[in-house]
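# Summary of the model geometry
The primary structure of each chain is shown beneath.
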Amino acid sequence: MKQISRRQSLLYLAASILLTPFAGRAAAQGLVTFERSTLTIITKSGRHEFDVELAISDRQQSQGLMFRRSLPANAGMLFDYKIPTSISMWMKNTFIPLDMIFIGADGRIINIAQRTVPQSEATISSRGRARAVLEVNGSTASGLSIKPGDRVESPIFKK
């Protein structure tokens, strides 16, 4: 059996990381992947469209946006809990500040936790029974004048 040097080993490791697409690394690390959809938030200032990943399963919801280092400006993650309930979340292993938008079963925004603190274990909760949570980059809600009472259009809120 041929032995390789520590330097060669590190070079092979670096090459495998650089050449492996994210999905491959995610699977290798046991991370789940997400289906995508679009949603629109209707505010007094207009319609704002987002490309979102869907966190539907327990495993997807547990992982959420953990371990991400960036998120495109018009992107986010929609957590669909299906049954309205009091929802609590945290930012453990999440490296980017987020706005958490809690949404009722009727598609109306209940409350917004703005600019949550990366890696914090503090509990962030809905102020009432929510069906879903939309996570977007921190400061998005204030930048787009998104407020409680605004409406979210998504297939999950169709009657």
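Throughout what follows, the structure given in this document is the object of discussion. (Residues numbered from 1 in each chain as written. Predicted model: local features only at pLDDT ≥ 70, side-chain atom pairs only at ≥ 80, totals over all residues. Heavy atoms only, no water.)

Below, the discussion takes up the overall build of the chain. Each helix and strand counted, the chain has four helices and nine strands in total. Along the chain, from the amino end to the carboxyl end, the secondary structure elements read α-α-β-β-α-β-β-β-β-β-β-α-β. The 159 residues of the chain split such that 42% are buried. Within the chain, contacts between residues at least 6 apart in sequence are counted, and of these 70% link residues at least 24 apart. About 9400 Å² of surface is accessible on the chain, with carbon and sulfur atoms providing 53% of the total. (Helix = DSSP H or I, 4+ residues; strand = E, 2+ residues; numbered from the N terminus. Buried < 20%, exposed > 50% of the residue type's maximum accessible area, 1.4 Å probe, protein only. Contact = heavy atoms within 4.5 Å. Areas by Shrake-Rupley, 256 points an atom, 1.4 Å probe, with all protein chains shown as cover.)

Right, let's get into the pattern of salt bridges. Taken as a whole and judged by the stated rule, the model has seven salt bridges. Among the salt bridges present, the one from Arg 36 reaches Glu 53, with a minimum N-O distance of 4.0 Å. Taken together, the residues Arg 36 in strand E1 (residues 35-43) and Glu 53 in strand E2 (residues 46-55) connect sequence positions 17 residues apart. Residue classification places Glu 53 among the buried residues on the basis of a relative accessible area of 9%. Lys 82 serves as the salt-bridge partner of Asp 80, at 4.0 Å between the closest nitrogen and oxygen. Judged by relative accessible area, which is 7%, Asp 80 ranks as buried. (Salt bridge = Lys/Arg side-chain N within 4 Å of Asp/Glu carboxyl O.)

The next point concerns the layout of surface pockets. In this model, the largest pocket occupies a volume close to 180 Å³. Looking at the largest pocket, it is lined by 17 residues, and the ones nearest its centre are Gln 61, Ser 62, Phe 79, Met 89 and Trp 90. At three residues, helix H3 (residues 58-63) tops the list of elements feeding residues into the lining of the largest pocket. Considering only residue class, the lining of the largest pocket consists of nine nonpolar, six polar and two charged. (1 Å grid on protein atoms, 1.4 Å probe; cavity = no way out; pocket = protein on both sides within 12 Å on 5 of 7 lines; lining within 4 Å. Points joined across faces, edges and corners; volume = space filled by probe spheres on them. Nonpolar A, V, L, I, M, F, W, Y, C, P; charged D, E, K, R; others polar.)

So, on to the sheet that holds strand E9 (residues 151-153). As summarised here, the arrangement of the seven strands in space is E6-E5-E8-E3-E2-E1-E9, forming an open sheet in which the pairing is mixed. With one partner strand each, in any of the chains shown, strand E6 (109-113) and E9 form the two edges of the open sheet. Across this sheet, the average inter-strand angle for adjacent strands is 30°, counted without regard to direction. Across three bridges, the pairing between E1 and E9 is antiparallel. Paired with Thr 40 across the strands is Glu 153, a residue of E9. (Pairing = 2+ DSSP bridges. Axes fitted to C-alpha atoms, helices over the stretch in contact; angles between N-to-C directions.)

Bringing the side chain of Gln 63 into the picture now. Checked against the element boundaries, Gln 63 lands in helix H3. Of the residues examined, Gln 63 reaches a relative accessible area of 11% and is grouped as buried. From its side chain, Gln 63 meets the backbone nitrogen of Val 32 in a polar contact 2.7 Å long. Dropping the residues within four chain positions of it, Gln 63 is found in contact with Leu 31, Val 32 and Phe 34. (Polar contact = N/O pair within 3.5 Å; in protein donor to acceptor, adjacent residues only side chain to side chain.)

On to the nonpolar core. One finds Met 100, Phe 102 and Val 133 to be the most contacted residues of the largest nonpolar core, which totals 19 residues. Residue assignment for this core shows that the elements contributing at least two residues are strand E3 (75-85), strand E5 (98-103) and strand E8 (130-137). Those residues within four positions of Val 133 in sequence are excluded, and the remaining contacts are Met 77, Leu 78, Phe 79, Tyr 81, Ile 87, Met 89, Met 100, Ile 101 and Phe 102. Leu 39, Ile 103, Ala 132 and Leu 134 belong to the second-largest nonpolar core, a separate cluster that totals 18 residues. (Core = buried A, V, L, I, M, F, W, Y, C linked by side-chain atoms within 4.5 Å.)

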